[in-house]
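Coordinate inspection notes
Each chain, letter by letter, is given below.
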Amino acid sequence: MAQIAAASAQMELGILPVEQAAPANASLGFELGWDFAHHGVAPPVAHLYAQSPLLQGWQAGSATFGRRTLKPSRHTQLWLQLRTHAWARGRSFEDVQVTPNYLQQITVDYCPILRQPLLGQASIDRVRNDAGYAAGNLAMMSAGANAAKAAHGWAEANEIAGSVNDGPFQRIAGLGPAEWQRVAVLCSFVTELSHEEAATIPLHLLPPNRLRLFNPIQALQALVTRQLATPGWSARLARIEALLPGDALRADFNRFLMALAPRVLRVGALTEAQDIRWALEDAWSDALVQKRWVRFALQLNATQAEKLVQRAAAKRLSTVHVQRHPRLTATEGWALERGGYRAAA
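All values reported here derive from a predicted model rather than from experimental measurement.

**Concerning the environment of Pro 72**
With respect to the helices and strands, the residue Pro 72 is situated in the loop between helix H2 (53-65) and helix H3 (74-88). According to the relative accessible area criterion, Pro 72 is partly exposed, its value standing at 25%. Between the C-alpha atoms of Pro 72 and His 39, which are 33 residues apart in sequence, the distance is 5.5 Å. Setting aside residues no more than four positions away along its own chain, Pro 72 makes contact with His 39, Val 41 and Gln 77.

Right, here's the structure in full:
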């Protein structure tokens, strides 16, 4: 499996309504309150009642640290808010990898679904709803897009996208067909699909930073598409082509690039990274691009696609960092066995 990395920015967390109430774990609450005190941050008002373990931890920590607190960054505050959000709802939170630094890496300025500035209306989404707050399962988007996405997975979001596209309703939960397509593609990344199914999904959304891609052919799709965003793409794609086994496969890869390459003219006229990203995503709405990609991709299998991504990364042909996660550890800490909820105390 491949993990695609990219640039990140800064934003605040928007808290969504409680999705499913669960008994709060006292020891975790106390620890959380202690960390609020350690960073000199006041807990949310909703937890400032006498029996709250979070309040008790905060009071104990405040007595211990006094004024000797750490200076909280925006992402430290985001980390504390997200942990509180998870704790209050009984959700699993993997705290080894999900740190303030990790949250900084997945921060964006624009909602990947709505393509609008977040402007303080950001929220952290668990892309896969049956998993907890864990590295590889988190993406930042607007609170509105997060609420619309809700518990929908790949199949449901894809069905909604088709329904909205066919009418008569032009929007569902505030999202139009293009936005639902992006939701569906986002969900597909963390859904283990057959190679044949994954190979036919248009890349209407480039993978958010640090999201784990379960389907190798989508990792290859993203790796190739991202080439067009930076100078020297032609030479890099030629070297990727050389890695392909067989003349017939190389020929179909070239045909696909001939459909995708004209989009480079538009991308080349853009200067903002976000505009370039959107232009590359929009290229996948072209029927010829999609048709030629599917013809090429179905000649590979999942193992071949994964090896191609690894070899391209090893030869530094990827424009972003690629990290491979063995199948047995790819979802470690996701709490899939408990539907994303934490274990009982």
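Having seen the model, we can carry on.
**Things to note about the pattern of salt bridges**
Counted under the stated rule, the structure contains 13 salt bridges. For Asp 35, the salt bridge goes to Arg 83, with nearest N and O atoms at 2.8 Å. Linking Asp 35 in helix H1 (residues 26-38) with Arg 83 in helix H3, this pair joins segments that are 48 residues apart in sequence. Side by side, Asp 35 and Arg 83 carry an identical accessibility label, which is buried. In this structure, Arg 250 and Asp 247 form a salt bridge, with 3.0 Å as the shortest nitrogen-oxygen distance. With Arg 250 and Asp 247 both in helix H11 (residues 247-260) and three residues apart, this pair spans about one turn of that helix. Judged by relative accessible area, Asp 247 falls into the exposed class, the value being 62%. Each of Arg 115, Arg 277, Glu 281 and Asp 282 takes part in a single network of salt bridges with overlapping partners.

What counts, and where the lines are drawn
- Residues numbered from 1 in each chain as written.
- Predicted model: local features only at pLDDT ≥ 70, side-chain atom pairs only at ≥ 80, totals over all residues.
- Heavy atoms only, no water.
- Helix = DSSP H or I, 4+ residues; strand = E, 2+ residues; numbered from the N terminus.
- Buried < 20%, exposed > 50% of the residue type's maximum accessible area, 1.4 Å probe, protein only.
- Contact = heavy atoms within 4.5 Å.
- Salt bridge = Lys/Arg side-chain N within 4 Å of Asp/Glu carboxyl O.

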